[in-house]
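Each chain, written out:
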Amino acid sequence: MRNLIGLSILFFGLFSCDSEETNESINSELIGKWKLTEAYISAGGPQYWVDVENGEEFMFFENGLFNSNRFSECTTGTFSTEQNELLLRYNCNGFESGSENEDGYITYDLNFEFDYFIITPSSGPICIEGCSYKYRKK
């Protein structure tokens, strides 16, 4: 019986750490400066990638803070990841982008590839035909 209890504790302990380690891994992959280089859009038909000139930039820091030139009214905030989701919260008093969820976060589905990541909006106004954005590390 003691062995069964010990195995159960070990089993649940392994799975509870797995999610946290995955989030820490994603957070560490985000650390650094990233620039928007492409957008996946649709003009009413099939989606396609287009190059973005002078794309916005994000700088993610180890302490969970970020800087961005996306909004001129507010350039700083905090970030976190949950599974494959990026959560951004801008920290300027009175600032709202119109894309926040009910908890005040702008959220994106997040997918890492070899040398870039792709985000797809999951809060606020969402593109009818779908849209995604590709950021490359600088």
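Here goes a summary of the coordinates provided.

Rules used throughout
- Residues numbered from 1 in each chain as written.
- Predicted model: local features only at pLDDT ≥ 70, side-chain atom pairs only at ≥ 80, totals over all residues.
- Heavy atoms only, no water.
- Disulfide = S-S within 2.5 Å.
- Helix = DSSP H or I, 4+ residues; strand = E, 2+ residues; numbered from the N terminus.
- Buried < 20%, exposed > 50% of the residue type's maximum accessible area, 1.4 Å probe, protein only.
- Salt bridge = Lys/Arg side-chain N within 4 Å of Asp/Glu carboxyl O.
- Core = buried A, V, L, I, M, F, W, Y, C linked by side-chain atoms within 4.5 Å.
- Contact = heavy atoms within 4.5 Å.
- Pairing = 2+ DSSP bridges.

## Points about the state of the cysteines
On inspection of all chains with the given rule, the structure shows two disulfides. Disulfide pairing is shown between Cys74 and Cys92; the S-S distance is 2.1 Å. Handedness here is read from the sign of the S-S torsion; for Cys74 and Cys92, about 85°, the answer is right-handed. Within this pair, whereas Cys74 is found in strand E5 (residues 74–82), its partner Cys92 is found in the loop between strand E6 (85–90) and strand E7 (106–112), the two being separated by 18 residues in sequence. Bridging Cys127 to Cys131, the disulfide has an S-S length of 2.0 Å. Taking the sign of the torsion about the S-S bond as the criterion, the disulfide between Cys127 and Cys131, at about 80°, is right-handed. By relative accessible area, Cys131 is classed as buried at 6%. Sequential numbering of the bridged cysteines in the protein chain gives the disulfide pattern 1-2, 3-4.

## Details of the pattern of salt bridges
Evaluated as defined, the whole model comprises seven salt bridges. For Lys33, the salt bridge is made with Glu57, and the minimal N-O distance between the two is 3.4 Å. Separated by 24 residues along the polypeptide, Lys33 in strand E1 (residues 32–41) and Glu57 in strand E3 (residues 57–60) bring together distant segments of the chain. Lys33 sits in the partly exposed class, given a relative accessible area of 36%. For Glu57, a relative accessible area of 17% puts it in the buried group. Its salt-bridge partner being Arg70, residue Glu56 comes within 4.0 Å of it at the nearest N-O pair. Of this pair, Glu56 sits in the loop between strand E2 (48–51) and E3 while Arg70 sits in strand E4 (residues 65–71), and the two are 14 residues apart along the sequence. A relative accessible area of 30% means that Arg70 is categorised as partly exposed.

## Description of the nonpolar core
Counting 19 residues, the largest nonpolar core has Phe60, Leu86, Leu88, Tyr90 and Phe117 as the members making the most contacts within it. For this core, the secondary structure elements donating two or more residues are E1, E3, E4, E5, E6, E7 and strand E8 (116–121). Apart from residues lying up to four places away in sequence, Leu86 is in contact with Leu30, Phe60, Phe79, Ser80, Thr81, Ile106, Thr107, Tyr108, Leu110 and Ile119.

## Topic: the pairing of E8
In terms of residue burial, E8 counts as a mostly covered element, since five of its six residues are buried. Counting the residues in the hairpin turn of E7 and E8 gives three residues. Taken together, the four bridges between E8 and strand E9 (residues 132–137) define a ladder with antiparallel strand orientation. Residue pairing for E9: Ile119 is matched across the bridge by Tyr133.

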